[in-house]
Amino acid sequence: MLKRLDHVEIIPRDFERSLAFYTDVLGFTVDHRYPITTNGLLEVAYLVRNGAGIELLKSGRTLPERPPPEYSGYRLMAWEVDDLDAVLAQLARKGIKPTWGPRVTPDFKRAEIPDPDGNSIELRQWLKRPRALAG
């Protein structure tokens, strides 16, 4: 049935700004980028890192502002990191600060950063990995 998460699709308010954030700040590479003409969309950029993908979709329409912090729907994407403190220090040098955390528990360290549109990105360092996630 399901094998693994293939990619997350995001329709940013500013396509080029988000493309720069995901490539320059988070280290994704552009696998492919091409124009499309589907449902008011103009372009797709497929970004990859460590076997996971983010598909940025450029809209030809003006998009509404993001709703308040908690609402029904997409909440965040989560990325595992080896050393949360080092990652947060690296992001701070690029002007990115956590919007939440870091929180430290006996099992994990966790923080959240925003993308350019305020979408939350969780960063998690497992200190004691759940058996269900063990490789």
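I will try to describe carefully the structure that is included in this document. As the structure is a computational prediction, the values presented were derived from the model and not from experiment.

Further remarks concern the overall build of the protein chain. Of the regular secondary structure elements, the protein chain holds two helices and eight strands. Listing every helix and strand of the protein chain by position from the N terminus yields β-α-β-β-β-β-α-β-β-β. The 135 residues of the protein chain split such that 36% are buried. By sequence separation, contacts in the protein chain at least 24 residues apart represent 49% of the contacts at least 6 residues apart. On the protein chain, roughly 8,800 Å² of surface is accessible, and the fraction owed to carbon and sulfur atoms is 53%.

This brings us to the sheet that holds strand 3 (residues 41-49). On the basis of which strands lie adjacent, the open sheet formed by four strands has the order 1-4-3-2 and mixed pairing. Both outer strands of the open sheet, strand 1 (7-10) and strand 2 (29-38), are each paired with one neighbouring strand and no more. Sheet twist, expressed as the average angle between the axes of neighbouring strands with direction ignored, equals 20°. One ladder, built from eight bridges, connects strand 3 with strand 4 (residues 52-59); its direction is antiparallel. Following the sheet pairing, leucine 41 is matched in strand 4 by serine 59.

Along helix 2 (residues 84-93), the positions that sit buried rather than exposed are Leu84, Leu88 and Leu91. The buried side chains of helix 2 occupy one side of the element, clustering within an arc of 65° when seen end-on. The N-terminus of helix 2 is capped by aspartate 83, whose side-chain oxygen sits 3.2 Å from the backbone nitrogen of aspartate 85. Looking one or two places after helix 2, you find glycine 95, whose phi comes out positive at around 85°.

Calculation notes
- Residues numbered from 1 in each chain as written.
- Predicted model: local features only at pLDDT ≥ 70, side-chain atom pairs only at ≥ 80, totals over all residues.
- Heavy atoms only, no water.
- Helix = DSSP H or I, 4+ residues; strand = E, 2+ residues; numbered from the N terminus.
- Buried < 20%, exposed > 50% of the residue type's maximum accessible area, 1.4 Å probe, protein only.
- Contact = heavy atoms within 4.5 Å.
- Areas by Shrake-Rupley, 256 points an atom, 1.4 Å probe, with all protein chains shown as cover.
- Pairing = 2+ DSSP bridges.
- Axes fitted to C-alpha atoms, helices over the stretch in contact; angles between N-to-C directions.
- Arc of directions from axis to C-beta.
- Polar contact = N/O pair within 3.5 Å; in protein donor to acceptor, adjacent residues only side chain to side chain.

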